[in-house]
Amino acid sequence: MNQLDGNAMAGDLREVFAVDVTAARFLCAGCGHAGAVATLRLWGPAPGQVARCPHCEDVVLRVVHAPDRIFLDVRGAVRLELPLADS
Amino acid sequence: MARAAVSGRLIWRVATVAGARWETPSARTLVLDLPDWPGHLPGQHVDVRLTAEDGYRAQRSYSIASAWSDDGDPVELTVQRLDDGEVSPYLTDGLAVGDQLELRGPVGGWFVWRDTRPAPVLLVAGGSGVVPLMAMIRARAAAHARQPFRLIYSVRTPADACYGEELRRRVRDDGGLDVQFVYTRKTPEGWPAPPKRIDVATLNTYGWPPDFAPDCYVCGPTTFVEAAADILVALGHDPGRIRTERFGGTS
């Protein structure tokens, strides 16, 4: 299986959010590691993407595309910190 | 540089292939005509979607190779053929000039270089991981930016190097750009070292000293990215200045 990273979630997340979420910092609920969403380890492929913490490998985000909706599971992130301006 | 859209609604667009050229025997650049393209930052990518007659869809991300300017230059993707791939063989061997392609983008706001960043830049490419880094080199030249750039580019053999001619020209003409190749399987005639993978000595010799606090961009297959990023951290680079992008496929 091809292992990608959170960069590859940019398109799917932009279907849901008005800003780029890959540049956001997550705080892992499992181990407290903080980093850019782009650095999450991504297991795919479609219809479901599972993004795991690069430090403890707990699931941080899951995005599942169903025919008529998107399921976004963020249980593994205590918070997301989103930059407002380009930075 | 044009203000690239990093926010706003994302839509699927139809691109028309306006031209194509082979970079290596297995990597092809597609020149795309994209009306109303909002512009992009170097390092961003697009998602390409193929739909079969029975409705089955496959979607992949491809880095943009070209720089964007206000002149409305075409958008170029360089696609590496993966022989067991579901999408890439169609893009490299099936798609003809005049054909249309469904894509959305640009996306990704983290693995990007902005010409407003003053730091020197180290680019570390494994195989077709060079594509978004080439966009940064092209954007630097288009913006007449002065930040010194160094590219360390690992390829299997000399024939596997994309943009070889252009890189040679840019090293000569773009002041402040250095390029160092690493060959993992076969070197050119007379190359001073045997084939090897990227290692501490390579990044120490051809990268920037950590004291210069360079922005580091590493792109390639997962194993390559992890090896290179680990070495950079071990050499004393600030992990917060190392940005990585992994793609599937083989090294």
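Residues numbered from 1 in each chain as written. Chains lettered and ligands numbered in written order. Predicted model: local features only at pLDDT ≥ 70, side-chain atom pairs only at ≥ 80, totals over all residues.

Draft legend 1. Structural detail: the overall build of chain A. Helix and strand counts for chain A stand at 1 helix and 8 strands. Its helices and strands taken in sequence order, chain A reads β-α-β-β-β-β-β-β-β from the N to the C terminus. Relative to a compact globule of 87 residues, whose C-alpha radius of gyration would be 12 Å, chain A shows 12 Å and is just as compact. Once the C-alpha set of chain A is aligned to its principal axes, its extents read approximately 35 × 30 × 20 Å. Counting all 87 residues of chain A, 38% fall into the buried class. Of all intrachain contacts in chain A linking residues separated by at least 6 positions in sequence, the fraction that spans at least 24 positions is 44%. (Helix = DSSP H or I, 4+ residues; strand = E, 2+ residues; numbered from the N terminus. Rg over C-alpha atoms; globule rule 2.2 N^0.38 Å. Buried ≥ 20, exposed ≤ 12 C-beta atoms within 10 Å, placed from the backbone. Contact = placed C-beta atoms within 7 Å.)

Draft legend 2. Region of the structure containing the nonpolar core. B:Leu123, B:Leu133, B:Leu151, B:Tyr153, B:Tyr217, B:Val218 and B:Ala228 are the most contacted members of the largest nonpolar core, which totals 87 residues. Looking at which element gives the most residues to this core, the answer is helix H2 (residues 130–142) of chain B, with 8 residues. (Core = buried A, V, L, I, M, F, W, Y, C linked by C-beta atoms within 7 Å.)

Draft legend 3. Summary view of the environment of B:Leu101. All names here are of chain B. Its place among the elements puts Leu-101 in strand E6 (residues 100–107). In the structure, Leu-101 is positioned 84 residues away from Val-17 in sequence and 7.6 Å away in space, judged by C-alpha atoms. Ignoring sequence-local partners within four residues, the contact set of Leu-101 consists of Ala-15, Val-17, Val-48 and Leu-95.

Draft legend 4. The arrangement of the environment of B:Arg169 in detail. Residues and elements named next belong to chain B. Looking at the element boundaries, Arg-169 is found in helix H3 (residues 164–173). Given 11 C-beta atoms within 10 Å, Arg-169 falls into the exposed group. For the pair formed by Arg-169 and Gly-207, sequence separation is 38 residues and the distance between their alpha carbons is 21 Å.

Draft legend 5. Expanded view of the interface of chain A and chain B. Listed by partner, the interface residues are 20 residues for chain A and 22 residues for chain B. Elements that contribute at least two residues to the side of chain A that touches chain B include exactly strand E1 (4–5) and helix H1 (10–16) of chain A. A per-element tally of the side of chain A that touches chain B places H1(A) first, with 4 residues. Of the residues assigned to the side of chain A that touches chain B, the class counts are 9 nonpolar, 6 polar and 5 charged. (Nonpolar A, V, L, I, M, F, W, Y, C, P; charged D, E, K, R; others polar.)

Draft legend 6. Local environment of the sheet that holds strand E2 (residues 25–28) of chain A. Residues and elements named next belong to chain A. The strand order E3-E2-E8 describes an open sheet built from 3 strands, whose pairing is antiparallel. Each of the sheet's edge strands pairs with one partner strand only, and the pair in question is strand E3 (34–36) and strand E8 (77–81). Neighbouring strand axes in the sheet, compared pairwise and without regard to direction, differ in orientation by 25 degrees on average. Here 3 bridges tie E2 to E3, and the two strands are oriented antiparallel to one another. Within the sheet, the bridge partner assigned to Phe-26 lies in E3 and is Gly-35. (Pairing = 2+ DSSP bridges. Axes fitted to C-alpha atoms, helices over the stretch in contact; angles between N-to-C directions.)

Draft legend 7. Summary view of unusual backbone geometry. In this structure, B:Pro106 follows B:Gly105 across a cis peptide bond, with omega equal to 0 degrees. Within the element layout of this structure, B:Pro106 appears in strand E6. In the Ramachandran plot, A:Glu57 falls in the positive-phi region, its phi being about 70 degrees despite a non-glycine side chain. Not every positive phi belongs to a glycine, and B:Tyr163 is a case in point at roughly 60 degrees. Structurally, B:Tyr163 is set in the loop between strand E8 (149–155) and H3.

Draft legend 8. Region of the structure containing the sheet that holds strand E5 (residues 48–52) of chain A. Residue and element names in this part refer to chain A. Read from one edge of the open sheet, 5 strands run E1-E4-E5-E6-E7, paired in antiparallel fashion. Strands with a single pairing partner mark the edges of an open sheet, and in this sheet they are E1 and strand E7 (69–73). Here strand E6 (residues 59–66) runs beside E7; their pairing, made up of 5 bridges, is antiparallel. Bridging across to E7, Val-64 finds its partner in Phe-71.

Draft legend 9. Seen up close, helix H5 (residues 222–234) of chain B. Residues and elements named next belong to chain B. In this model, H5 (13 residues) spans 18 Å end to end at C-alpha, consistent with the 18 Å of a helix rising 1.5 Å per residue. For H5, every residue scored as buried is listed here: Phe-224, Val-225, Ala-227, Ala-228, Ala-229, Ile-231 and Leu-232. Buried residues in H5 make contact with strand E7 (121–126), E8, helix H4 (200–206), strand E10 (215–221) and strand E11 (242–247). Positive backbone phi, approximately 110 degrees, marks Gly-236, located one or two places after H5. (Expected span 1.5 Å × (residues − 1).)

Draft legend 10. Structural detail: the confidence of the model for chain A. This prediction gives chain A a mean pLDDT of 89; 91% of its residues lie at or above 70. Ranking the elements of chain A by mean pLDDT puts H1(A) last, at 90, and E2(A) first, at 97. (pLDDT = per-residue confidence, 0-100.)

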